[in-house]
Amino acid sequence: MNRASGSGRAVPALSVAPVVIPAPARRVDLELRVSAPVTGSRRPVVLFSHNHGPSNLSSWRGYDPLVEILAACGFVIVQPTHLDSLALGLREADAAEAPLYWRSRATDLSFVIDNLDAVEAAVPTLEGRVDRERIAVVGHSAGGHTASLLLGRRVDDPEDGSIVDLSDRRVRAGAILSGLGRGGDALSAYAREKYPVLQTSDFSTMTTPALVVAGDQDCGPLNVVGASWHRDSYTLSPGPKSLLTVFGGEHSLGGIVGFGAAETTDEDPVRVSAVGAMVGAYLRTALGVDGDAWSRARRELESSPTPPGSVVEK
């Protein structure tokens with residue numbers, strides 16, 4: 001991989017997969033892909049949570065268009081394959097959390113942080129170059145729900161009604177892409193039946209800084225209120241938060257899962273590049289890598305004669 005970073009310099013990167021981390025408490029060991037710049041020290045980490053989509057790209061195998069951009073921005077990208085991935089064939093398993101495996105998804109990401117030694121050792125030349133004080137989480141769709149749990153969003157366990165807090169203080173910032181919104185009467189009957197954990201959400205505890213990215217044409221089957229539902233992670237949570245509304249964006253935001261993928265209904269490489277650049281710039285500033293990256297990206301967006309989106313903040 002070789003893309004221009006926000007500084008304009010080309011940053012070559014290396015991807016290694018599958019990286020397998022033994023996980024005795026899990027139904028199967030955790031498989032990852034790790035993508036990292038081949039040079040440089042103190043590289044920040046991005047934990048990436050995939051969607052609950054209809055293809056095998058819902059795993060470490062997907063999201064090449066976005067991962068390439070983020071790796072070029074200087075991040076080490078770790079992509080676990082969650083238990084709900086179609087590639088594993090466990091969605092219909094006799095398990096309490098199937099088909100979404102919402103709790104396991106979040107614990108997968110914290111497990112990766114616990115095992116960063118193994119992640120570093122699996123990638124040639126990476127050992128000793130990871131900055132473990134600069135960790136962010138990024139998630140798309142159901143992965144956005146997963147990311148929001150690490151950022152502080154709480155839910156009620158549908159089995160016993162207890163409040164579940166899966167936040168991880170080691171995560172300093174995040175980006176929620178086409179994330180899942182509030183429950184209650186905003187949910188469709190399909191969502192209430194299929195994914196009961198979505199019925200309750202408390203965004204008031206999601207205090208970690210985050211960028212929420214939502215397409216203004218993202219109207220899917222899980223809610224009855226339309227595209228605004230995907231902005232709930234911004235609207236209902238306390239600051240500091242930023243919201244990027246992507247003009248013309250549908251659920252895959254131009255194809256972040258992959259161009260030609262079953263999930264991609266609005267294929268647009270320009271849109272994907274814009275989303276990736278904004279996410280990369282936000283995280284570089286939020287993690288203290290480049291204090292001006294986000295403000296520069298905002299100025300470029302706002303000065304464009306045909307901006308791909310707009311930003312508001314609180």
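Residues numbered from 1 in each chain as written. Predicted model: local features only at pLDDT ≥ 70, side-chain atom pairs only at ≥ 80, totals over all residues. Heavy atoms only, no water.

## Some details on the overall build of the protein
Stage number 1. Helix and strand content of the protein: eight helices and 12 strands.
Stage number 2. Here the C-alpha radius of gyration of the protein, 18 Å, is about what a compact globule of 314 residues would show, namely 20 Å.
Stage number 3. In terms of overall dimensions, the protein has a C-alpha envelope of 50 × 50 × 35 Å along the principal axes.
Stage number 4. Looking at the protein as a whole, 56% of its 314 residues qualify as buried.
Stage number 5. Expressed as a percentage of contacts within the protein between residues at least 6 apart in sequence, the contacts between residues at least 24 apart total 70%.
Stage number 6. When the accessible surface of the protein is totalled, it reaches about 12,200 Å², and 51% of it is carbon and sulfur.
Stage number 7. Taken as two groups, the 30 positive and 37 negative side-chain charges of the protein have centres that lie 5 Å from each other. (Helix = DSSP H or I, 4+ residues; strand = E, 2+ residues; numbered from the N terminus. Rg over C-alpha atoms; globule rule 2.2 N^0.38 Å. Buried < 20%, exposed > 50% of the residue type's maximum accessible area, 1.4 Å probe, protein only. Contact = heavy atoms within 4.5 Å. Areas by Shrake-Rupley, 256 points an atom, 1.4 Å probe, with all protein chains shown as cover. Lys, Arg positive; Asp, Glu negative; His and termini not counted. Charge placed at Lys NZ, Arg CZ, Asp CG, Glu CD.)

## What to know about empty space enclosed by the protein
Stage number 1. Inspection of the entire model under this criterion finds one cavity of 30 Å³ or more.
Stage number 2. Here the largest cavity is characterised by a volume of approximately 40 Å³.
Stage number 3. Taken together, L244, T245, V246, R271, A274, V275, M278, L301, P308 and G309 form the lining of the largest cavity.
Stage number 4. Residue assignment for the lining of the largest cavity shows that the elements contributing at least two residues are β11 (241-246) and α7 (269-286).
Stage number 5. The leading source of residues in the lining of the largest cavity is α7, at four residues.
Stage number 6. For the lining of the largest cavity, a count of residues per class yields seven nonpolar, two polar and one charged. (1 Å grid on protein atoms, 1.4 Å probe; cavity = no way out; pocket = protein on both sides within 12 Å on 5 of 7 lines; lining within 4 Å. Points joined across faces, edges and corners; volume = space filled by probe spheres on them. Nonpolar A, V, L, I, M, F, W, Y, C, P; charged D, E, K, R; others polar.)

## Section: the confidence of the model for the protein
Stage number 1. Residue-level pLDDT values for the protein average 95, and 97% of them are 70 or greater.
Stage number 2. Low pLDDT, under 50, characterises residues 1-8; the predicted model gives this stretch 23 contacts beyond four residues in sequence or across chains. (pLDDT = per-residue confidence, 0-100.)

## With respect to the pairing of strand β6 (residues 130-140)
Stage number 1. With nine of 11 residues buried, β6 lies mostly within the body of the structure.
Stage number 2. Note: strand β4 (residues 43-49) against β6, six bridges, orientation parallel. Within β6, the position partnered with R43 by the bridge is V130.
Stage number 3. Note that β6 and strand β9 (residues 173-177) share five bridges and pair parallel. Bridging across to β9, V137 finds its partner in G174. (Pairing = 2+ DSSP bridges.)

## Notes on helix α4 (residues 142-151)
Stage number 1. Of all 10 residues in α4, 10 are buried, a share of seventy percent or more.
Stage number 2. Buried within α4 we find A142, G143, G144, H145, T146, A147, S148, L149, L150 and L151.
Stage number 3. In the core, the buried residues of α4 are packed alongside β4, α2 (102-114), β6, β7 (155-156), β9 and β10 (210-215).
Stage number 4. Two residues or fewer past α4, G152 is found with a positive phi of approximately 125°.

## Examining the pattern of salt bridges
Two side chains with opposite charge may pair up if their charged atoms get near one another.
Stage number 1. A full pass over the atoms with the stated rule returns 18 salt bridges.
Stage number 2. Between D168 and R170 there is a salt bridge; the shortest N-O distance is 2.9 Å.
Stage number 3. Judged by relative accessible area, which is 7%, D168 ranks as buried.
Stage number 4. R298 is the salt-bridge partner of E313, the closest N and O atoms lying 2.5 Å from each other. With E313 in strand β12 (residues 309-313) and R298 in helix α8 (residues 293-303), this residue pair connects regions lying 15 residues apart in the sequence.
Stage number 5. Each of the salt bridges in this network shares a partner with another, and the network as a whole consists of R42, D131 and R134. (Salt bridge = Lys/Arg side-chain N within 4 Å of Asp/Glu carboxyl O.)

## Here we look at the side chain of E263
Stage number 1. Mapped onto the elements of the fold, E263 is located in the loop between β11 and α7.
Stage number 2. Of the side chains with opposite charge, R91 comes closest to the buried, unpaired E263, at an N-O distance of 6.8 Å.
Stage number 3. Reaching out from E263, the side chain makes a polar contact with the side chain of S55 at a distance of 3.0 Å.
Stage number 4. A polar contact of 3.3 Å, which involves the side chain of E263, links it to the side chain of S58.
Stage number 5. Each residue touching E263, except ones within four places of it in the same chain, is listed here: N51, G53, P54, S55, S58, S252 and V257. (Polar contact = N/O pair within 3.5 Å; in protein donor to acceptor, adjacent residues only side chain to side chain.)

## Quick look at α8
Stage number 1. Along α8, the residues that are buried comprise A293, W294, A297, R298 and L301. Taken down its axis, α8 places every buried residue within 130° of arc, on the same side. Across from the buried face of α8, at angles greater than 90 degrees, the exposed residues are R299, E300, E302 and S303.
Stage number 2. Of the surrounding secondary structure, the elements contacted by the buried residues of α8 are β10, β11, α7 and β12. (Arc of directions from axis to C-beta.)

## Overview of the pairing of β11
Stage number 1. Most of β11 sits inside the fold, with six of its six residues counted as buried.
Stage number 2. Of the two faces of β11, the one lined by K241, L243 and T245 and the one lined by S242, L244 and V246 are each fully buried.
Stage number 3. Of the pairings in the sheet, the one linking β10 to β11 comprises six bridges and is parallel in character. Bridge pairing links A214 to T245 in β11.

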